[in-house]
Amino acid sequence: MSLKVTNIRLPVELPEEELAIHIAQYLGIKPEEIQSYRIIRKSLDARSRRDLRFVYSAEVSVPDESGILRNLREELSVQTYSEALFIDPVSGNQPLDERPVIVGSGPAGLLAGYFLALKGYRPLIIERGFPVKERVPEIRRFDKGGAFQNENNYLFGEGGAGCFSDGKLTCRLSGPDVQWVLERFVDCGARSSILFEHRPHLGSNKLPMICRNLRRKIVAMGGEFQFECRLEGIDVIDGQVQGIMTSSGYCKTSQVILGIGHSARDTYQMLYDLGVPMFRKAFQLGLRIEQPQEQVNEHKYGRGEYLSLLGAADYTMITKGKRDLYTFCMCAGGIVMPSISEPNMFCTNGMSNSRHDTGFANSGIMTTIYPEEFGSDHPLSGMELQRKYESIAFELGKKNYLSPLQLPGDFLNQRKTDAGFRYQGTYQRGIAPANLSQVLPPVVISQIQNGLPIMDQKWHGAFLKDAVLVGPEMRGSSPVRIDRERETYQTSGFRGLYPVGEGAGYAGGIVSAAVDGLLSAKKLVEEFAPLEPTAS
């Protein structure tokens, strides 16, 4: 047992090494009486631009906890603390004749694979795309104007779409499963501060290394990877999975963790044709705004030294109403990049390297569209809506994956941006001035046109100044949820099929997807015995 001390508010200029001194003052003891302490949470209070403060919560070990609690002032936030333990399930008794198969090497698949390998189940992870080392040069080639590759791109390959996303680890979940996932990232090369930062960020340049290291650990524990191997069918007899059909041949297995991500549209169609129960769900879509990073820094930092202390500033905004409009995946010092999983389609996203040093900021300007607005009650109607507008965006981008662009003032006043506009941003293949009202449903365009001026007012006219809008942004979350039972994580009528992560509609980011994959692996472990060790 120890103490949890919360709401320790210190100027950002103060060295973190002095935190123990301030914890001691808070508790009314001498610093040497603190046996140990650990930061649980660290966030930035930016309400006063000229007095930015870090707000800490810490676990503290002291000799006399009860005495400290008796003598504390009532208004101080201190309580006894015992961290919830990670539940490591006892393996079940049912034998497995074949190794479990994990489809997809995104966060859900990798963390499910890690846990199963750790427990002795020797999982096989199949991935339609390429190893991350081969993804990087192909993505660079595409950014410079090369042809689109169906299976080797920003969305498909080792690490999934998350590998070349911004690498944000923001998650509404908390608890020991989240902590376990974050610890695995640290084991694989992430900095240890992600364990307590309020908005941890890995950086797009660090994610490939972390994904590669996860793979190496899984393989060292008995797991196996097969790349360039696309799921093409599931063999089911009497409601029980018997195996899977892949582009590399048939694979016999009774347990399949399905971590396909929300861009595997051909896989959605295959699952629907097979009769896997799925239904429409609301998803996020909108445009992406890009502006000079200096503009964001000036708005958030009231003192010049904050930039050197904190780095490129970020922001979060929301306009409330019948349909909220909000910023999403804000990339400080970031890059606008294509988020494309099919040829002749176009969609944007954003990412940041760990140094946040491009000189530009970008963020999604997003709202939610609901199933009754999809135009059809078909389970895949949200996916088809995405395709419709991504196809229009491709046409507007001169059929060459240029990004449709419009100045905010032109977008709000429904006029065309001058074709001679000189773009100064980060999208590498080039831009095409266009009417962005064509790339989203009218109800979404209306919401953005109503909400953007409100966001600009909050910044006293500095939000839209020197900004550009590009789009559409369609991949905020999955438009489909694959049904599964709450207790088993398996799909009714398809025993042995575990739909997980963003693609199954149960997560919305790297950490939540990874946790969902972990929980599915725990369910499998609870039911089945590990495989016998292979002969050396």
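Given the structure is predicted, the values throughout are model-derived calculations rather than measurements.

### Concerning the packing of aromatic side chains
Taken as a whole, this structure holds 17 aromatic pairs when the rule is applied. Taking 6.0 Å as the distance between ring centres and 35 degrees as the angle between the ring planes, the aromatic pair formed by Phe 148 and Tyr 401 counts as tilted. With Phe 148 in the loop between helix 4 (132–143) and helix 5 (176–187) and Tyr 401 in the loop between helix 10 (381–396) and strand 19 (403–406), the pair connects residues that are 253 residues apart, well separated along the chain. On the basis of relative accessibility, which here comes to 8%, the residue Tyr 401 falls in the buried class. Ring geometry for Phe 394 versus Tyr 401: centroids 4.9 Å apart, planes at 55 degrees, classification tilted. With respect to class, Phe 394 is no different from Tyr 401; both count as buried. Members of the aromatic cluster, connected to one another through ring pairs, are Phe 86, Tyr 114, Phe 115 and Trp 180. Directly above the aromatic system of Trp 180 lies the positively charged group of Arg 184, at a separation of 4.8 Å from the ring centroid. Between Arg 481 and the ring centre of Tyr 506, over which it is positioned, the NZ or CZ distance is 5.2 Å.

### Concerning the sheet that holds strand 5 (residues 101–103)
Strand order in the open sheet formed by five strands is 7-6-5-11-23, with parallel pairing between adjacent strands. In this open sheet, the two edge strands, each paired with only one partner strand, are strand 7 (224–226) and strand 23 (497–499). Across the sheet, the mean angle from the axis of one strand to that of its neighbour is 20 degrees, orientation sign disregarded. Note: strand 6 (residues 124–126) against strand 7, three bridges, orientation parallel. Bridge pairing links Ile 125 to Phe 225 in strand 7. Most of the contacts of helix 3 (residues 107–118) go to strand 5, to which it runs at about 165 degrees, and overall it touches strand 5, strand 6, strand 7 and strand 11 (256–258).

Thresholds, definitions, all that
- Residues numbered from 1 in each chain as written.
- Predicted model: local features only at pLDDT ≥ 70, side-chain atom pairs only at ≥ 80, totals over all residues.
- Heavy atoms only, no water.
- Phe/Tyr/Trp six-rings, centres within 6.5 Å; stacked < 30°, edge-to-face > 60°.
- Helix = DSSP H or I, 4+ residues; strand = E, 2+ residues; numbered from the N terminus.
- Buried < 20%, exposed > 50% of the residue type's maximum accessible area, 1.4 Å probe, protein only.
- Lys NZ or Arg CZ within 6 Å of the ring centre and 35° of its normal.
- Pairing = 2+ DSSP bridges.
- Axes fitted to C-alpha atoms, helices over the stretch in contact; angles between N-to-C directions.
- Contact = heavy atoms within 4.5 Å.

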